[in-house]
Amino acid sequence: MPDTVQLEVFRYRPEEEGEPVFDTFEVPYRDEWMVLDALNHIKDHEDGTLSYRWACRMGVCGSCGMTVNGEPVLTCAAYLEAFLPGPIRVEPLRGFPVIRDLAGDLTDFIEKLERVKPWIIREETKDPSEGEYLQTPGQMAAYRRYSMCINCMLCYAACPIYELEPGFIGPAAIALAQRYNLDSRDDGAEERHEVLSEHEGIWSCTFVGECSAVCPKNVDPAGAIQRYKVDATADFFRSLLTPWRDR
Amino acid sequence: MRRARDPFFWGLFSAGGMLAALLLPALFLIVAVAAPLGWFGMTAHVDWLALVGNPLLRLGLFGLLFLAFFHAAHRFRYTLYDGMQLYHLDALISVLTYGVATVLTLIAAVVLATAG
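### Examining the sheet that holds strand β4 (residues 71–74) of chain A
All names here are of chain A.
- Across the sheet, which stays open at both edges, the 5 strands sit in the order β2-β1-β5-β3-β4 with mixed pairing between neighbours. Looking along the sheet, the strands with just one partner apiece sit at the ends: β2 (21–28) and β4. Mean inter-strand twist for the sheet, computed between neighbouring axes without regard to direction, equals 35°.
- Note: strand β3 (residues 65–68) against strand β5 (residues 88–91), 2 bridges, orientation antiparallel. Directly across from Thr67, in β5, lies its bridge partner Glu91.
- Sheet strands in contact with helix α1 (residues 35–46) are β1 (4–11), β2, β3 and β5, and its direction is about 95° off that of β2.

This is the structure:
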């Protein structure tokens, strides 16, 4: 194993230079180090101005997603070893405007996420004193996988459609809409349908499947989208064949 | 209108892809391999026309061809639309791809209707 490894880090300092550049750093190599540990080493010992997001360093917070050697990954879960012998190229997530260095502007995703109303919508609510809304293990299993999303946006960075059609509501937002649609306590499917059934909802997706391939939590957004397409298509043909039946 | 268009064409696309994936390899195996090689007691000279004389089989073949044509059209449309990034030509591309599928479907209908 080498003593050191080279990192080529994407730098963008809009107040200093108009164009992004790559800075090369030589960092110590450790078997147990992740790419994020190497970035923290640079920040602590080489260049304190390096800007990037991270918090939990254990694959839960979803803030350290970056492009490493062209692949969108959580840098806290990507061993340096996997990229030997280097140099390792670290860039911000694709598809998002860069604010500075490795930090992107995520406003677009947050706005889209809000549009699908990712919370439980109920027609009738009961008073907390009346107790919880109970659910069987089977009812929970229906949506549990989609609830594992940590909003890391690797799926957006991997999605070629999101890059081509910026209006596309995107993999994570649709998976999270399905997370609530499939929840037995939720009555909001019709409200979400308004957003999801637009062309820029589910129909922009052409099932490339990269979103599911890069998801660190095995959420399978591509599967969520295809399932919604099947449901929406069945609904459409049903209302076409039996127009007298109100959906 | 656009709300109805997406599920309509995607429905044809997905049904066509499913049927083609399930049935075309089997059809190919029977017509192009098993029959010429005389497998399963078939002779090299099966009277296909007489087989197509069965109205149920004709209807099935028509359904398969119709959906497979629209599957191909939809896939080709998105190859041009996203793959070649011809967003401004979407209307023209749609008319051409689904138009060709419609023409091929009509030809299939005529051929099958007159085959028996």
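From this point, the narrative continues.
### As for the interface of chain A and chain B
- Each partner contributes to the interface: chain A provides 17 residues, whereas chain B provides 13 residues.
- Regarding the contact of chain A and chain B, the summed buried area is about 1400 Å², with carbon and sulfur atoms giving 63% of it.
- When the buried area of chain A at its contact with chain B is split by residue, Leu164, His199 and Trp203 of chain A rank highest and sum to 39% of it.
- Between chain A and chain B we count 0 salt bridges in total.
- On the surface where chain A and chain B come into contact, there are 1 residue pair in polar contact (both at pLDDT 80 or more).
- Where the side of chain A that touches chain B is concerned, the elements lending two or more residues are α5 (160–164) and α9 (221–241) of chain A.
- When residues of the side of chain A that touches chain B are assigned to their parent elements, the largest contribution, 7 residues, is made by α9 of chain A.
- The class makeup of the residues in the side of chain A that touches chain B is 7 nonpolar, 6 polar and 4 charged.

### So, helix α7 (residues 189–196) of chain A
All names here are of chain A.
- Taken residue by residue, α7 has Arg192, His193, Val195 and Leu196 as its buried positions. Down the axis of α7, the sector holding all buried residues measures 160°, keeping them to one side.
- Looking at the packing, one finds that the buried side of α7 touches α2 (107–115), α6 (171–181) and α9.

### Let's talk about the domain arrangement of chain A
All names here are of chain A.
- For chain A, the assigned domains read domain 1 (4–104) and domain 2 (107–241).
- When domain 1 packs against domain 2, the two sides together hide about 1000 Å² of surface, and 68% of this comes from carbon and sulfur.
- Together, Pro72, Arg94 and Phe96 form the three largest contributors to the area buried by domain 1 at its contact with domain 2, with a combined 44%.
- Our enumeration of links across domain 1 and domain 2 arrives at 0 salt bridges.
- Taken together, domain 1 and domain 2 are joined by 1 residue pair in polar contact (both at pLDDT 80 or more).
- Elements with a minimum of two residues in the side of domain 1 that touches domain 2: β3 and β4.
- Residue contributions to the side of domain 1 that touches domain 2 peak at 3 residues, all from β4.
- Its residues placed into classes, the side of domain 1 that touches domain 2 shows 8 nonpolar, 4 polar and 1 charged.

### Some remarks on the environment of His88 of chain B
- Checked against the element boundaries, His88 of chain B lands in the loop between α3 (55–83) and α4 (90–115).
- Sequence spacing of His88 of chain B and Thr105 of chain B is 17 residues, and the spatial spacing of their C-alpha atoms is 27 Å.

### A look at a negative patch on the surface
Residue and element names in this part refer to chain A.
- Side chains of Glu123, Glu124, Asp187, Glu190 and Glu194 sit close together on the surface and give a patch of like negative charge.
- Mapped onto the elements, Asp187 comes out in the loop between α6 and α7.
- For Asp187, a relative accessible area of 33% puts it in the partly exposed group.

### Regarding the side chain of Glu165 of chain A
- Structurally, Glu165 of chain A can be placed in the loop between α5 and α6.
- Given the relative accessible area of 9%, Glu165 of chain A is considered buried.
- Excluding its chain neighbours within four sequence positions, the residues that come into contact with Glu165 of chain A are His199 and Ser204 of chain A together with Tyr81, Asp82 and Tyr87 of chain B.

Scoring rules and cut-offs
- Residues numbered from 1 in each chain as written.
- Chains lettered and ligands numbered in written order.
- Predicted model: local features only at pLDDT ≥ 70, side-chain atom pairs only at ≥ 80, totals over all residues.
- Heavy atoms only, no water.
- Pairing = 2+ DSSP bridges.
- Helix = DSSP H or I, 4+ residues; strand = E, 2+ residues; numbered from the N terminus.
- Axes fitted to C-alpha atoms, helices over the stretch in contact; angles between N-to-C directions.
- Contact = heavy atoms within 4.5 Å.
- Buried area = accessible area lost by both parts, 1.4 Å probe.
- Salt bridge = Lys/Arg side-chain N within 4 Å of Asp/Glu carboxyl O.
- Polar contact = N/O pair within 3.5 Å; in protein donor to acceptor, adjacent residues only side chain to side chain.
- Nonpolar A, V, L, I, M, F, W, Y, C, P; charged D, E, K, R; others polar.
- Buried < 20%, exposed > 50% of the residue type's maximum accessible area, 1.4 Å probe, protein only.
- Arc of directions from axis to C-beta.
- Domains from an automatic or database assignment.
- Patch = residues over 30% accessible without salt bridge, like charges linked within 9 Å, V, L, I, M, F, W, Y side chains within 5 Å.
- Areas by Shrake-Rupley, 256 points an atom, 1.4 Å probe, with all protein chains shown as cover.
- Lys, Arg positive; Asp, Glu negative; His and termini not counted.
- Charge placed at Lys NZ, Arg CZ, Asp CG, Glu CD.

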